[in-house]
Amino acid sequence: MELKIFETYELLSEAAAKEILFVVKKKPTAVICLAGGDTPLRTYQILVRQAKEYHIDFSKVHFVGLDEWIGIPSSNSGSCQFFINKNIIAPLQIDANHLHLFNAMSNDLEAECRKMDGVISKLGGIDLMLVGIGMNGHVGFNEPGISFRLKSHVVELDQITTQVGQKYFKTEIELKKGITLGMQNLQEAKEVILLASGDKKSSIVKQMMEEEINEYLPASLIRAHANSKVFLDGASAHELQTNDC
Ligand code: PGA
């Protein structure tokens, strides 16, 4: 694992966008999994701008969804699908056949999980996975206590996730379950980048980086990945023992 600490959120976002562009330039057929959430938003804005500016061809790239709130339609602006569509898929004009997201409205969610794992394996695995870290240390919807051996699965959401998750929605909403790639998918991804930003993440970032790797702190598994990077801004890194920018 490589740790990089940037002075600002903007610099972190520029670096993360550069990593994605690098992967796509190197492998135009790359399979990329991109998280929703507040943290990667600026990364995606920079990515879209630079992809256009430098004429980077995204037409052969496949995008895989990380997670979704069960029972929330993609038309809801708080859904992960809405976010990914708005910030990546529409601006880069990605073909619908290259987009593989969980259908969280399906009445057979187990089939959705099998379908997702099947698609990933048929495409030859995930080349780059870009994730965030939740206030409780989750990655995607891999909540504290989840087995590191699981691939795509349905999950009962942690209370912190259902509370914090309200920020994505215009009105208060009942969030109970999620569907998500598992930590086994993360372990099998060829490269993983985790982003964290802001003072509110500093305590969980410290735990992720300094506590023993364990299933009650899902994000800690990133440290065991052979090709992973953790990008932090100064605010999220300030509790670390070593936090030189
Ligand atoms: P955030 O979400 O980027 O909105 O903080 C991170 C997460 O829950 O994984």
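Everything below is about the structure shown above.
None of the values given here were measured: they were computed from a predicted structure. (Residues numbered from 1 in each chain as written. Predicted model: local features only at pLDDT ≥ 70, side-chain atom pairs only at ≥ 80, totals over all residues. Heavy atoms only, no water.)

**A few points about the sheet that holds strand β6 (residues 128-131)**
Then step 1. Pairing within the open sheet is parallel, and its seven strands lie in the order β1-β10-β9-β6-β2-β3-β5. Every other strand in the sheet has two partners, leaving β1 (2-6) and β5 (99-100) as the edge strands with one partner each.
Then step 2. Sheet topology note: the strand β2 (residues 31-34)/strand β3 (residues 62-65) ladder contains four bridges and is parallel. Residue pairing for β3: L34 is matched across the bridge by G65. (Pairing = 2+ DSSP bridges. Helix = DSSP H or I, 4+ residues; strand = E, 2+ residues; numbered from the N terminus.)

**Focus on the sheet that holds strand β8 (residues 177-180)**
Then step 1. Strand order in the open sheet made by the three strands is β4-β8-β7, with antiparallel pairing throughout. Strands with a single pairing partner mark the edges of an open sheet, and in this sheet they are β4 (67-69) and β7 (153-156). For this sheet the average axis-to-axis angle between neighbouring strands, irrespective of direction, equals 25°.
Then step 2. Here β4 pairs with β8 via three bridges, running antiparallel. Opposite D67, over in β8, you have T180 as the bridge partner.
Then step 3. Against the sheet, helix α4 (residues 109-122) makes contact with β7 and β8, and its axis sits at roughly 130° relative to β7, the strand it touches most. (Axes fitted to C-alpha atoms, helices over the stretch in contact; angles between N-to-C directions. Contact = heavy atoms within 4.5 Å.)

**Notes on the site of the ligand**
Then step 1. As a structural note, the neighbourhood of the ligand is formed by G37, D38, T39, G132, I133, G134, H138, K167, Y168 and K201.
Then step 2. Taking D38, its main chain carries an N or O atom lying 2.9 Å from an oxygen atom of the ligand.
Then step 3. A distance of 2.5 Å separates an oxygen atom of the ligand from a polar atom in the side chain of T39.
Then step 4. Calculation on the ligand without its partners gives an accessible area of 280 Å², and the protein chains cover 87% of this total. (Near = heavy atom within 4 Å. Polar contact = N/O pair within 3.5 Å; in protein donor to acceptor, adjacent residues only side chain to side chain. Areas by Shrake-Rupley, 256 points an atom, 1.4 Å probe, with all protein chains shown as cover.)

**Focus on the pattern of salt bridges**
Then step 1. On inspection of all chains with the given rule, the structure shows 12 salt bridges.
Then step 2. Here K229 makes a salt bridge to E19, at a shortest N to O gap of 3.3 Å. Placement of K229 in strand β10 (residues 228-233) and of E19 in helix α1 (residues 9-26) is noted, with a sequence separation of 210 residues between them. A single burial state applies to K229 and to E19, both of which are buried.
Then step 3. Between E174 and K176 there is a salt bridge whose closest N-O contact spans 3.9 Å. Of the two residues, E174 and K176, neither departs from the other in class, the shared state being exposed.
Then step 4. Within the structure, one salt-bridge network assembled from shared partners comprises E19, E191 and K229. (Salt bridge = Lys/Arg side-chain N within 4 Å of Asp/Glu carboxyl O. Buried < 20%, exposed > 50% of the residue type's maximum accessible area, 1.4 Å probe, protein only.)

**Let's talk about the packing of aromatic side chains**
Then step 1. All chains considered together, the criterion is met by six aromatic pairs.
Then step 2. Between F6 and F231, the aromatic rings sit 5.2 Å apart at their centres with planes inclined by 70°, giving edge-to-face as the arrangement. In this pair, F6 sits in strand β1 while F231 sits in strand β10, placing the two residues 225 residues apart along the sequence. F231 matches F6 in its accessibility class, with the two residues each being buried.
Then step 3. Aromatic side chains W69 and F169 sit 5.9 Å apart centroid to centroid with 65° between the ring planes, which places their arrangement in the edge-to-face category. Placement of W69 in strand β4 and of F169 in the loop between α5 (159-164) and β8 is noted, with a sequence separation of 100 residues between them.
Then step 4. We classify F169 as buried; its relative accessible area is 9%.
Then step 5. Clustering of aromatic rings is evident, with ring pairs tying together W69, F141, Y168 and F169. (Phe/Tyr/Trp six-rings, centres within 6.5 Å; stacked < 30°, edge-to-face > 60°.)

**Side note on the packing of helix α2 (residues 41-53) against helix α3 (residues 80-89)**
Describing two packed helices takes the angle between their axes plus the distance from one axis to the other.
Then step 1. At a minimum axis distance of 9 Å, the contact between α2 and α3 shows a crossing angle of 30°. On α3, the residues that touch L41, Y44, L47 and V48 of α2 are F83, N87 and I88.
Then step 2. Of the residues belonging to the contact of α2 with α3, the class tally is six nonpolar, one polar and no charged. (Nonpolar A, V, L, I, M, F, W, Y, C, P; charged D, E, K, R; others polar.)

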